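This is what each chain is made of:
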Amino acid sequence: MALNPFEHADSASSVSGPPSGSDYLADSVFRIIALSCAALIILLILFILWEIGGLALPAMAQHGLSFVSGTTWNVGTQEFGVLPEIWGTLYSSFLALILGGTFGVAIAIFLTQDFIHARLAAVFRTIVELLAAIPSVVYGLWGIYVVIPMLRPVAEWLHSELGFIPIFGTELSGPGMAPAALVLAIMILPTVAAITVDAFRRIPYKVKEAAYGMGTTRWEAILKVMLPTASSGILAALVLGFGRALGETMALAMLIGNSNQINLSLFAPANTLASLLASSFPEAGQIEVQALMYAAVVLLLITLVVNVVGLGIQQYTVRKFEGKA
Amino acid sequence: MTRFPGVTHAATAVFVSILLTACGGESSDPTTDSPTGLQITGAGATFPEPLYQEWIRRYNAEQSDARFSYEGVGSGEGVKRFIAEAVDFGASDSAMTDEQIAQVARGAVLIPATAGMVVLAYNLPGVEGELRLPRDVYVDIFLGKIWKWDDPRIVAANPDLELPSKLIQTVVRRDGSGTTFVFTNHLGTISPAWLNEGPGTGTLLDWPGGAMTGTGNEGVAHKIKISHGSIGYIEYFFAKRLGLPIATLQNQAGNFVKPDAESGQRTLETAAAERMPENLRLFVPDPDAPDAYPIVSLSWLLLYGAYPEPEKAAALKAAVTWALNTGQPIAEDLGYIPLPANIVSAATRALKAIQ
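Residues numbered from 1 in each chain as written. Chains lettered and ligands numbered in written order. Predicted model: local features only at pLDDT ≥ 70, side-chain atom pairs only at ≥ 80, totals over all residues.

A.B. asks: Provide a residue-level description of the pairing of strand 6 (residues 169-173) of chain B, including the pertinent values.
C.D. replies: Walk down a regular strand and you will see the side chains alternate between the two sheet faces. Residue and element names in this part refer to chain B. Most of strand 6 sits inside the fold, with 5 of its 5 residues counted as buried. Where strand 6 meets strand 8 (residues 230-235), 3 bridges bridge the pair, whose relative direction is parallel. Looking at the pairing, V171 lines up with G232 of strand 8. As paired strands, strand 6 and strand 7 (residues 212-214) are joined by 3 bridges and run parallel to one another. Of the residues in strand 7, the one forming a bridge with V171 is M212. (Buried ≥ 20, exposed ≤ 12 C-beta atoms within 10 Å, placed from the backbone. Helix = DSSP H or I, 4+ residues; strand = E, 2+ residues; numbered from the N terminus. Pairing = 2+ DSSP bridges.)

A.B. asks: Which residues make up the domain arrangement of chain B, and what are the values?
C.D. replies: Residues and elements named next belong to chain B. According to the domain assignment, chain B contains domain 1 (9-115 + 297-351) and domain 2 (118-261). At the interface, 16 residues of domain 1 touch 17 residues of domain 2. Class assignment of the residues belonging to the side of domain 1 that touches domain 2 gives a composition of 6 nonpolar, 8 polar and 2 charged. (Domains from an automatic or database assignment. Contact = placed C-beta atoms within 7 Å. Nonpolar A, V, L, I, M, F, W, Y, C, P; charged D, E, K, R; others polar.)

A.B. asks: So what's going on with the UniProt feature "domain: ABC transmembrane type-1" (unreviewed entry) in chain A? Residues and values would help.
C.D. replies: The UniProt record annotates "domain: ABC transmembrane type-1" (unreviewed entry) at residues 86-310 of chain A. The annotated region residues 86-310 of chain A carries 76% helix and 0% strand content, and the separation between its end C-alpha atoms amounts to 19 Å. (UniProt positions renumbered as here; feature names shortened; annotations may be inferred.)

A.B. asks: Please set out the interface of chain B and chain A residue by residue, giving values where relevant.
C.D. replies: Opposite the 23 residues of chain B that make contact, chain A presents 21 residues. Listed by contribution, the elements that provide at least two residues to the side of chain B that touches chain A are strand 7 and helix 10 (216-226) of chain B. Each residue belonging to the side of chain B that touches chain A can be placed in one class, and the counts come to 6 nonpolar, 11 polar and 6 charged.

A.B. asks: Explain the domain arrangement of chain A to me, using residue names and the numbers behind them.
C.D. replies: All names here are of chain A. Considered domain by domain, chain A is made up of domain 1 (18-63) and domain 2 (66-322). Inter-centroid distance (C-alpha atoms) of domain 1 to domain 2 is 30 Å. Across the contact, 8 residues belong to domain 1 and 10 residues belong to domain 2.

A.B. asks: Summarise the sheet that holds strand 4 (residues 108-123) of chain B; cite the residues concerned and give the values.
C.D. replies: Residues and elements named next belong to chain B. Taken in spatial order, the 8 strands of this open sheet run 2-1-3-11-4-8-6-7, and their pairing is mixed. Both outer strands of the open sheet, strand 2 (66-72) and strand 7, are each paired with one neighbouring strand and no more. Neighbour to neighbour, the strand axes of the sheet diverge by 25 degrees on average, direction disregarded. Bridge analysis of strand 1 (residues 38-44) against strand 2 gives 7 bridges, and the strand direction is parallel. (Axes fitted to C-alpha atoms, helices over the stretch in contact; angles between N-to-C directions.)

A.B. asks: Describe in detail the pairing of strand 8 of chain B, supporting the description with residues and values.
C.D. replies: All names here are of chain B. Across the 6 residues of strand 8, 6 count as buried, placing the element largely inside the fold. Both faces of strand 8 are covered, namely the face carrying S230, G232 and I234 and the face carrying I231, Y233 and E235. Inspection of the sheet shows strand 4 paired to strand 8 by 6 bridges, in the antiparallel sense. Within strand 8, the residue paired with A121 across the bridge is G232.

A.B. asks: Before we move on, could you go through the sheet that holds strand 5 (residues 132-133) of chain B and cite the residues and values that matter?
C.D. replies: Residues and elements named next belong to chain B. What the 3 strands build is an open sheet, ordered 5-9-10; its pairing is mixed. Both edges of this open sheet fall to strand 5 and strand 10 (256-257), since each of them pairs with a single strand only. Summarising the sheet, strand 9 (residues 248-250) and strand 10 pair through 2 bridges and their orientation is antiparallel. Each bridged residue has a counterpart across the sheet, and for Q250 the counterpart in strand 10 is F256.

Written out as structure tokens, the structure reads:
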């Protein structure tokens with residue numbers, strides 16, 4: 001190297017010199033900015049809650065808990081109930097979590113446990129993460145023109161052969177729970193896969209070496225050592241994926257059929273809270289807007305409960321499997 | 001035609017601007033062309049919106065003194081804005097109730113501007129040919145009592161068709177809609193069961209069974225298009241545009257009639273000749289002519305009885321007169337029913353009363 005890196009070592013601007021006044025200033029300015037950004041986020045959430053809650057208050061006072069247990073949404077008679085939408089939201093998210101979660105964790109194992117070369121794994125990982133960049137509307141269109149026609153013969157066969165099982169109890173005419181849940185599963189897949197990959201990566205390599213050293217097979221090492229060690233990260237991934245599924249709007253509004261009913265069948269149309277909000281707002285009058293705000297509060301509460309429960313389970317597994325306090 | 005030379009220009013400009021907003025502004029902004037022009041705004045039904053926008057585009061191209069604009073927000077919202085005097089004119093597929101008219105201090109004049117037919121569009125792959133639905137059958141389909149396409153009552157009416165053993169998936173409107181009102185008003189008229197056990201009559205209802213919902217005529221049409229075994233009610237125009245098959249319905253006389261502009265116009269002409277009311281609020285829930293298509297409806301423009309600015313009243317009168325005459329062939333081209341002559345003359349008479 002032509003330059004001598006120690007040339008300025010003895011000058012005041014040296015790296016090794018004491019922090020200058022401007023260093024202190026920059027430090028405290030950064031601190032203030034960081035703190036106020038953090039505070040702003042909390043304030044923003046409180047503000048949103050305040051606004052939505054305030055708008056929903058008249059509807060809350062009028063309908064109370066019957067709003068959550070009612071099954072009718074009739075603006076004409078001012079009857080509002082969102083039980084079918086709550087059911088549809090939880091059912092679709094749950095199905096998506098089973099599908100997307102299983103595949104996401106499987107993909108993460110495949111990418112991190114030396115099944116393929118690390119460089120190839122990086123390529124695969126990028127491809128999976130690209131799924132997250134596809135807009136919701138595109139997923140919806142893809143669902144309508146690809147998933148529904150593909151699913152139709154399968155659903156027809158399942159219904160005719162296994163129609164006595166309630167989950168195959170109806171025919172799939174087009175939009176319905178099954179195509180919606182399937183597309184939703186693909187939408188949460190990148191979230192689940194990416195976070196699970198990170199969870200596996202965080203495990204020190206020596207843990208795997210120790211497992212092999214004790215004579216485990218690859219699958220014993222994965223199932224009995226790696227998975228439990230990464231379990232809190234995997235749970236975090238599942239909770240985030242579930243949260244994403246709960247709030248997903250556009251693709252579901254296009255695929256689920258917007259039908260106000262509670263049906264166990266995978267092939268029946270249903271509705272979700274988010275798609276109710278999206279499809280009813282443009283036309284809603286004042287009273288309906290209040291009811292919709294109440295529905296938004298219900299959705300917020302569901303998301304909150306899911307996150308809190310998820311956090312609880314996560315901490316429990318941390319204690320149980322990772323031996324930390 | 002009664003034209004007011006001074007104001008026709010204004011009226012055209014307004015119509016043009018309505019059209020421009022609808023078509024995404026394919027030419028220059030008319031506001032810059034005539035800074036002194038009148039602004040006339042309207043809102044209401046979505047069903048006639050494509051027609052109104054086309055009218056406005058052509059009318060504005062003819063004249064340049066007034067600028068019209070129209071927003072398709074649904075009949076219910078249109079009436080609401082009209083009562084609140086937030087617009088210069090409204091539009092509704094279900095006209096206005098007496099109660100609503102009483103709330104308008106300046107008086108309300110209902111002008112039938114165009115007409116449509118509510119048709120039952122369906123999607124049954126593999127079934128070719130005309131699907132005939134008797135009166136009691138299509139009521140029971142929407143009540144959820146008939147839920148298979150090979151139900152004996154449907155098969156009996158269609159011996160030539162091979163109907164699959166498929167679930168009937170009904171598709172309805174989820175937003176307040178004049179189309180829903182026209183359709184359920186018809187069902188309620190022909191079937192007491194619809195009023196007693198069913199959801200009744202209105203612009204927004206809680207439908208029985210697992211009906212799918214769509215927003216707007218286009219939303220329902222699209223859901224029908226992508227769902228096998230589905231049936232839903234939409235305006236003729238939308239079924240035609242998406243190429244959906246349309247069921248042939250049985251009328252009061254017992255005949256099966258295919259909906260088209262001719263049968264629709266005949267229905268309206270007979271009904272208007274028999275019993276056009278003073279306020280032009282003519283509903284034809286169950287026409288009795290032997291060749292009448294059973295579900296037809298007018299779509300109304302809502303005008304105030306008096307306008308504070310005389311130029312505005314004159315511009316509106318000129319524009320509506322234009323729509324009632326020059327505008328009718330345009331309506332037919334777009335898939336609407338052109339108004340029969342007796343309704344046009346009744347509407348023109350009512351228009352003269354506006355001040």
